[in-house]
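# Architecture at a glance
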Amino acid sequence: MKNNEYRLKYHLMPLEGTIADPNGMCQIEDTFHIFYLNDPQAFKTKGRVPCLWRHYSTQDFINFVQEPIALLPDSRYDRDGVYSGSGFYEKEKLYLFYTGNVRHEGNYDYIMAGREQNVLMVQSADYIHFDDKQLLMTNADFPKDMTKHVRDPYVFYQDQYYMFLGARDIHDQGMILAYESKDKKEWKFIQRIKTKEKFGYMWECPDYFELSQQQILVCCPQGIKQHEYENKHQCGYFILHGDFRNNYQLERFQAFDEGFDFYAARTFLSQDKRRILVGWMGIPDCPYKTPTIQYNWNDALILPRELTFRDNQIYQYPIRETKNLRTKHLYKELVEKEIYYYQSHVCQIHLEITFQKFQIDLRKDLQLRYDGKILTLSLQESGYGRDKRCVKINEISEIDIFSDISSLEIFINHGQKVMTTRVYDSYHDTKIKVSCPMTMDYYELKSYNIIEKKETKR
């Protein structure tokens, strides 16, 4: 496969084509499993190509095995794409729930007609090979006032099985449809979960969990007016009060990431009870240009992040296993307007800050500027259409910048706010300049080790 200078070192990427929503993450014994959407032919044809599910496994988040393809669009009910879903581990079997996409040829809008969104389930005893596709629901099983956009099943257990589906009704209101089941096969509709006022026309990629005794409902609302949220599509969460099956209330929506490239977040619970989030370092329908398309690949997954809850919000920070990527360490006291050239883009930069107004110039033309109330991330040529994103924050004491060849994940106050962006500049552009004194811990990071596993007979 042809390579180029923008391929990342410690982020999961597609072998070719696109990478999108992470799905079905779980830990089974000592192994973590991460599935993701992949369209390997995305840049080789002008027509639509059905996506599939690929699969990484790891025991340490440094050495990854590229497992055989988990799901192919090879049935009547998913022929035009194996869309997003979730994983559920029970009694030494891993179940994957997903949306099978079918598009009919004709003069359709593919919103009200011309599309099938089928809910399917497969299972595996070795967690690698999945078979026995079972059709669980079709559009006929959804409420009558739904459009043909109902997808992305998230399955969990609380005294019985529950499934959340992202949905769009005929009035273009986004919501979650909740179902219950006693056997994972027969599902009964129980509830719509939505805001009192319309909040976007579609909610994708639902997820649900408890964190510090708070119920958290995750989704990706599409079509929100952009006076408050700057990306075209959002990814974040509601704090949910009450019983989602009956009487519930949703607090205000909070975005997970204030940068340019973040969507389709999914979480799982590790065996040591950490709630870990993985997301797509990309966003649908974005106006940005992507120079890697000429090499037949695009996008990546973010660093896995551990979630904690305090001050009525979720904090996010890279999982502790990320520290094992560190190699060289340098401590330096940065002085005002001094330009410092560090060794490599593949690094973590930790800055301790005492001044409440500052500017940080990084790499070729990236800038972080804080006026005491708003932190602004801006790029010029290296952003390829990414211009400016802002986040309100009352005080900043530290910033962690996880830099890779063509990406930055910026964690403010140990994850109180996060900003993620792709950036395309030269490996020579390794400079940092600050407007006021700061201390810097610089760590070089090593690359992931990716092992491609050949398919074997079962």
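Look up: the structure comes first, before these words.
Basis of the calculations
Residues numbered from 1 in each chain as written. Predicted model: local features only at pLDDT ≥ 70, side-chain atom pairs only at ≥ 80, totals over all residues. Heavy atoms only, no water. Pairing = 2+ DSSP bridges. Helix = DSSP H or I, 4+ residues; strand = E, 2+ residues; numbered from the N terminus. Phe/Tyr/Trp six-rings, centres within 6.5 Å; stacked < 30°, edge-to-face > 60°. Buried < 20%, exposed > 50% of the residue type's maximum accessible area, 1.4 Å probe, protein only. Salt bridge = Lys/Arg side-chain N within 4 Å of Asp/Glu carboxyl O. Contact = heavy atoms within 4.5 Å. Core = buried A, V, L, I, M, F, W, Y, C linked by side-chain atoms within 4.5 Å. Polar contact = N/O pair within 3.5 Å; in protein donor to acceptor, adjacent residues only side chain to side chain. 1 Å grid on protein atoms, 1.4 Å probe; cavity = no way out; pocket = protein on both sides within 12 Å on 5 of 7 lines; lining within 4 Å. Points joined across faces, edges and corners; volume = space filled by probe spheres on them. Nonpolar A, V, L, I, M, F, W, Y, C, P; charged D, E, K, R; others polar.

## Quick look at the sheet that holds strand 4 (residues 63–71)
- Across the sheet, which stays open at both edges, the six strands sit in the order 20-1-2-3-4-36 with mixed pairing between neighbours. Edge strands, defined here as strands with exactly one partner in the open sheet, are strand 20 (297–298) and strand 36 (449–452).
- For strand 3 (residues 52–58) and strand 4, the ladder comprises five bridges, and the chain directions are antiparallel. Bridge pairing links W53 to L71 in strand 4.

## What to know about the packing of aromatic side chains
- Summed over all chains, the structure comprises 38 aromatic pairs.
- Look at F88 and Y161: their rings are 5.7 Å apart centre to centre, the planes differ by 80°, and that puts the pair in the edge-to-face class. Separated by 73 residues along the polypeptide, F88 in strand 5 (residues 82–90) and Y161 in strand 10 (residues 161–169) bring together distant segments of the chain.
- Classification of F88 by relative accessible area gives buried; the value is 12%.
- By way of ring pairs, the aromatic residues F32, Y36, Y56, F61, F64, F268 and Y448 are connected into one cluster.

## Quick look at the pattern of salt bridges
- Per the counting criterion, the structure on display carries 20 salt bridges.
- Across the pair R151 and E204 runs a salt bridge whose closest N-O atoms are separated by 2.7 Å. Remark: E204 occurs in strand 13 (residues 202–211) and R151 occurs in strand 9 (residues 146–157); sequence separation between them is 53 residues.
- In this structure, the salt-bridge partner of R168 is D172, at a minimum N-O distance of 3.0 Å.
- A relative accessible area of 12% places R168 in the buried class.
- A relative accessible area of 32% means that D172 is categorised as partly exposed.
- Taken together, the shared-partner salt bridges in this structure form one network comprising D272, R274, R320 and E321.

## A few points about the environment of S426
- In this fold, S426 is placed in the loop between strand 33 (417–422) and strand 34 (431–434).
- Looking at S426, the relative accessible area reads 28%, which means it is partly exposed.
- Distance in space between the C-alpha atoms of S426 and E5 is 8.2 Å, their sequence separation being 421 residues.

## Points about the side chain of S270
- Relative to the assigned elements, S270 resides in the loop between strand 18 (263–269) and strand 19 (275–281).
- Each residue touching S270, except ones within four places of it in the same chain, is listed here: Q27, F32 and I276.

## Side note on unusual backbone geometry
- Unusually for a residue other than glycine, D132 sits at a positive phi of about 55°.
- When you line up the elements, D132 lands in strand 8 (residues 131–137).
- Non-glycine residue D152 carries a positive phi angle of around 65°.
- Residue position: D152 is located in strand 9.

## A closer look at the pairing of strand 31 (residues 398–404)
- Counted residue by residue, strand 31 has seven buried out of seven residues, so it is predominantly covered.
- Burial of the side chains of strand 31 extends over both faces: E398, D400, F402 and D404 are buried on one face and I399, I401 and S403 on the other.
- Two elements, strand 26 (residues 347–352) and strand 31, share six bridges in a ladder whose sense is antiparallel. The residue of strand 31 that forms the bridge with Q348 is F402.
- Of the strand pairs in this sheet, strand 31 and strand 32 (residues 407–412) are connected by six bridges, and their pairing is antiparallel.

## Digging into the pairing of strand 6 (residues 93–103)
- When you tally the buried positions in strand 6, you get ten out of eleven residues, the bulk of the element.
- Where strand 5 meets strand 6, seven bridges bridge the pair, whose relative direction is antiparallel. When the bridges of strand 6 are listed, G87 appears paired with L96.
- Linking strand 5 to strand 6, which pair antiparallel, is a turn of two residues; within it K91 sits at a positive phi near 50°.

## Topic: the nonpolar core
- Counting residues in hydrophobic clusters, the biggest one holds 72 residues, and the most contacted among them are I349, L351, F358, L375 and I432.
- In this structure, L375 is in contact with F358, L368, R369, Y370, R389, C390, V391, I393, I396, I412 and M419, ignoring residues within four places of it in sequence.
- M25, F61, V278 and L301 belong to the second largest nonpolar core, which has 27 residues in total.

## Here we look at the environment of Y442
- Relative to the assigned elements, Y442 resides in strand 35 (residues 438–445).
- A relative accessible area of 3% places Y442 in the buried class.
- Taking the C-alpha atoms as reference points, Y442 and H345, 97 residues apart in sequence, are found 11 Å from one another.
- Setting aside its immediate chain neighbours within four residues, Y442 contacts K328, H329, L330, Y342, Q343, S344, C347, Q348 and I349.
- At 3.4 Å, the side chain of Y442 and the backbone nitrogen of Q343 are in polar contact.

## Here we look at empty space enclosed by the protein
- Applying the stated criterion across every chain, the model contains three cavities of 30 Å³ or more.
- Quantified by volume, the largest cavity comes out at close to 60 Å³.
- In this structure, the largest cavity is lined by H11, L12, I34, F61, F64, V278, L301, I302, P304 and Y448.
- For the lining of the second largest cavity, the residue count by class is three nonpolar, three polar and one charged.

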